[in-house]
Amino acid sequence: MMRKLTGKGERVREKMIETTVHILQQQGFKKATVRSIAKAAGVNIASVRYYFGSKEELIGAALEYMMGNLENIVSYLDDNRLTASERLKKYIIAYFHLAREHPALFRSISNPSSEDAKDTYFIYLSLLHSQCWEKVIRNVAEVTGYTDEKDLELKAVNLERWWGIPKKVGMRYMRQGYPMHYVKVTWILAKHSDWTMDAILKDKKYGENWKAWCKRNLGIDGETYDAWIGEYKNPTYFPGKYF
């Protein structure tokens, strides 16, 4: 449980997060030690435990702050208001702008050391980073018309084997550029409602997460959504990894 802080305490805590963000951006994870953070923030080492409980919690708070920018950039690839070419252009420009702002962080993501990779938050950040590639490929396929049929067929077979989604259904939507998890979630929501998969995908707004869509159209809360999705266990991923 986080301590109840005074106004001064909140400012100290925010300063420590900002300092950690700066170190991660410019120097990377290895340099983000308790000693270096405390020195740069002008606090004593015990402040890390006092305000955050542990170094890992402080690193997590800093990464949560930083990940918002990356999530915003990835969202360009899902903006159906734009053509695929426009989505790719916006994504590439924003991506490299962010990489220039956070050089050490992006070096860590692209070439993580074994020590970095142990951090749970870093694994999540790497996952978010890796998800960009599937969306990039989808948009490139939309521009060029190229699809790797063998790859799509393998994914469609897994959709059917793991969750009972007919192979032809999986192939149909993935040929349109939708990733596996979109097909899975849409299939589940269609089974629990009067909505068709086509109607769900057409109605889902740019940047809207699935829980928000369900609340808006089905009147269900996040707990019910999690229960529906939880009925279809993913045999290869950690629980909650994508959904």
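What you see is a predicted model, and the numbers here were worked out from it, not measured in a lab.

Thresholds applied
Residues numbered from 1 in each chain as written. Predicted model: local features only at pLDDT ≥ 70, side-chain atom pairs only at ≥ 80, totals over all residues. Heavy atoms only, no water. pLDDT = per-residue confidence, 0-100. Contact = heavy atoms within 4.5 Å. Axes fitted to C-alpha atoms, helices over the stretch in contact; angles between N-to-C directions. Helix = DSSP H or I, 4+ residues; strand = E, 2+ residues; numbered from the N terminus. Parallel < 35°, antiparallel > 145°, perpendicular 65-115°, else oblique. Left-handed = near helix turned anticlockwise from the far one by under 90°. Nonpolar A, V, L, I, M, F, W, Y, C, P; charged D, E, K, R; others polar. Phe/Tyr/Trp six-rings, centres within 6.5 Å; stacked < 30°, edge-to-face > 60°. Buried < 20%, exposed > 50% of the residue type's maximum accessible area, 1.4 Å probe, protein only. Core = buried A, V, L, I, M, F, W, Y, C linked by side-chain atoms within 4.5 Å. Arc of directions from axis to C-beta. Salt bridge = Lys/Arg side-chain N within 4 Å of Asp/Glu carboxyl O. Expected span 1.5 Å × (residues − 1).

S.K.: I would appreciate a short explanation of the confidence of the model for the protein chain in the present structure.
M.R.: Do not read the fine detail of predicted coordinates wherever pLDDT is low. With 83% of its residues at a pLDDT of at least 70, the protein chain reaches an overall mean of 82. In the model, residues 236–243 has pLDDT below 50 throughout and makes 11 contacts with residues more than four positions away in sequence or in other chains.

S.K.: Teacher, can you tell me more about the packing of helix α1 (residues 7–27) against helix α2 (residues 34–41) here?
M.R.: Each pair of packed helices can be summarised by the angle the axes make with each other and by the distance between the axes. For the pair α1 and α2, interaxial distance at closest approach is 9 Å and the crossing angle is 120°. With respect to α2, the element α1 is oriented oblique. Handedness of the α1/α2 crossing: right-handed. In contact with Lys15, Met16, Thr19, Thr20 and Ile23 of α1, α2 contributes Ser36, Ile37, Ala40 and Ala41. Within the contact of α1 with α2, the residues separate by chemical class into five nonpolar, three polar and one charged.

S.K.: Can you help me understand the packing of aromatic side chains in this one?
M.R.: To describe a pair of aromatic rings, you give the distance between the ring centres and the angle between the ring planes. Here the structure, examined in full by the defined rule, presents eight aromatic pairs. An angle of 85° between the planes, with centres 4.9 Å apart, marks the rings of Tyr50 and Tyr51 as edge-to-face. What makes Tyr51 buried here is its relative accessible area of 15%. Measuring from centroid to centroid gives 5.5 Å for Tyr91 and Tyr95, while their planes differ by 45°, and the two rings are tilted. Within this pair, Tyr91 and its partner Tyr95 are both found in helix α5 (residues 84–101), separated by four residues, close to a single helical turn.

S.K.: How should the packing of helix α11 (residues 180–191) against helix α13 (residues 210–217) be read in this particular structure?
M.R.: Closest axis-to-axis distance for the α11/α13 pair is 12 Å, and the angle between their directions is 20°. When the interaxial angle is binned, α11 and α13 end up roughly parallel. The crossing of α11 and α13 is right-handed. Contacts from Tyr182, Val185, Thr186 and Leu189 in α11 reach Trp210, Trp213 and Cys214 in α13. Along the lines of polarity and charge, the residues of the contact of α11 with α13 split into six nonpolar, one polar and no charged.

S.K.: What am I meant to see in the nonpolar core here?
M.R.: For soluble globular proteins, nonpolar side chains are generally found buried alongside one another. Judged by nonpolar contacts, the single largest core of 28 residues is most densely connected at Leu189, Trp210 and Tyr225. For this core, the secondary-structure elements that each account for two or more residues are α9 (149–163), α10 (167–175), α11, α12 (197–203), α13 and α14 (222–230). Broken down by element, this core gets its largest block of residues, eight residues, from α11. Setting aside anything within four residues of it in sequence, one finds Trp210 in contact with Tyr182, Val185, Thr186, Leu189, Ile200, Leu201, Lys204 and Tyr225. Membership of the second largest hydrophobic core comes to 20 residues, among which are Val21, Ala32, Phe52 and Leu105.

S.K.: Is there a simple way to think about the environment of Lys31 in this case?
M.R.: Within the element layout of this structure, Lys31 appears in the loop between α1 and α2. Considered as a pair, Lys31 and Thr20 are 11 residues apart in the sequence and their alpha carbons are 9.8 Å apart. The contact partners of Lys31, leaving out residues within four places of it in the chain, are Ile23 and Ser36.

S.K.: How should α14 be read in this particular structure?
M.R.: The α-helix advances 3.6 residues per turn, and as a result positions three or four apart in sequence lie on the same side. Three or more residues of α14 are buried, namely Tyr225, Trp228 and Ile229. For α14, the angular spread of buried residues about the axis comes to 95°, placing them on one side. For α14, the secondary structure elements touched by its buried residues are α11 and α13.

S.K.: In this structure, what is going on with the pattern of salt bridges? I would like to understand it.
M.R.: Once the charged atoms of two side chains with opposite charge are near each other, the side chains can pair. Following the criterion strictly, the structure yields 11 salt bridges and no others. In this structure, Lys167 and Glu153 form a salt bridge, with 2.9 Å as the shortest nitrogen-oxygen distance. Taken as a pair, Lys167 in helix α10 and Glu153 in helix α9 lie far apart in primary sequence, 14 residues in all. Classification of Lys167 as partly exposed rests on a relative accessible area of 27%. On the basis of relative accessibility, which here comes to 37%, the residue Glu153 falls in the partly exposed class. Residues Asp226 and Lys211 are paired through a salt bridge, measuring 3.2 Å at the closest nitrogen-oxygen approach. Taken together, the residues span a long stretch of sequence, with Asp226 in helix α14 and Lys211 in helix α13 at a distance of 15 residues.

S.K.: Looking at this structure, how should I read α1?
M.R.: In this model α1 runs 30 Å from its N-terminal to its C-terminal C-alpha over 21 residues, within 8% of the 30 Å that 1.5 Å per residue would give. Among the residues making up α1, those that are buried are Gly9, Arg13, Met16, Ile17, Thr19, Thr20, Val21, Ile23, Leu24 and Gln25. The positive-phi residue at the C-terminal boundary of α1 is Gly28, with phi of around 95°.

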